[in-house]
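# Remarks on the overall topology
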Amino acid sequence: MADTLKRLPYVHSETESFWNGARRHELWFTRCRACLHHYFSPRDFCPSCFSFDVEWTKASGRGTVYSFTVCYRPAPGFEDEVPYNVALVELAEGVRMMSTIVDCAADDLKVGMPVEVVFEDVSQDITLPKFGPVDHPVSSKPE
Ligand SMILES: [Zn+2]
């Protein structure tokens, strides 16, 4: 019953490409062609120089935990998930994105820990990008 209180993101013209990408399990964000500033959340103009010459770009999906908090008093709809975390992830491209770190105990969360995007299909239309720890970064390098 608690899940019925969770609100899903509202998709509109400025964020539609982001959510379409997430449904394909791809992470997209926007970049300004005028000043080359990468930014999130998506919008039709650059928050740095206010140019409307912006484009979508696909993210690597890798980043690090920039900051986080662990919630022990749940927001409505999250009663069954405490403790849960809310994290600010800095992508390799420099964009910071609010999300959550999955498959990681609260005591194991660390600022600066490497993470990689994972996707959770929560409805027919909405897939949420979340992040999981990169456990063995050395093993992902070519031999
Ligand atoms: Zn700009």
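The structure we're discussing is the one just above.
This report concerns the structure included in the present document. (Residues numbered from 1 in each chain as written. Predicted model: local features only at pLDDT ≥ 70, side-chain atom pairs only at ≥ 80, totals over all residues. Heavy atoms only, no water.)

## Comments concerning the packing of aromatic side chains
Here the structure, examined in full by the defined rule, presents five aromatic pairs. Consider the rings of Phe45 and Phe50, whose centres lie 6.4 Å apart with planes at 25°: the pair is stacked. Looking at Phe45, the relative accessible area reads 30%, which means it is partly exposed. Since its relative accessible area comes to 57%, Phe50 is described here as exposed. Counting every residue linked through ring pairs, the aromatic cluster contains Phe18, Trp19 and Phe40. (Phe/Tyr/Trp six-rings, centres within 6.5 Å; stacked < 30°, edge-to-face > 60°. Buried < 20%, exposed > 50% of the residue type's maximum accessible area, 1.4 Å probe, protein only.)

## Brief notes about the sheet that holds strand E4 (residues 62-71)
Hydrogen bonds between backbone groups are what pair the strands of a sheet, and the pairing can be parallel or antiparallel. A sheet is described by the order of its strands in space; here five strands give the open sequence E6-E5-E4-E7-E8, paired in antiparallel fashion. The open sheet is flanked by strand E6 (96-99) and strand E8 (127-133), the only strands paired with a single partner. Taking each pair of neighbouring strands and ignoring which way they run, the sheet shows an average axis angle of 35°. The sheet contact formed by E4 and strand E5 (residues 84-91) spans eight bridges and is antiparallel. Looking at E5, one finds that Ser67 is bridged to Leu88. Sheet strands touched by helix H1 (residues 16-23): E6, strand E7 (114-121) and E8. Its angle to E8, the strand with the most contacts, is close to 65°. (Pairing = 2+ DSSP bridges. Helix = DSSP H or I, 4+ residues; strand = E, 2+ residues; numbered from the N terminus. Axes fitted to C-alpha atoms, helices over the stretch in contact; angles between N-to-C directions. Contact = heavy atoms within 4.5 Å.)

## Observations regarding the nonpolar core
Grouped together as the largest cluster of nonpolar side chains are 22 residues, with contacts concentrated most on Leu27, Leu91, Ile101, Val115 and Phe131. Elements that contribute at least two residues to this core include exactly H1, E4, E5 and E7. (Core = buried A, V, L, I, M, F, W, Y, C linked by side-chain atoms within 4.5 Å.)

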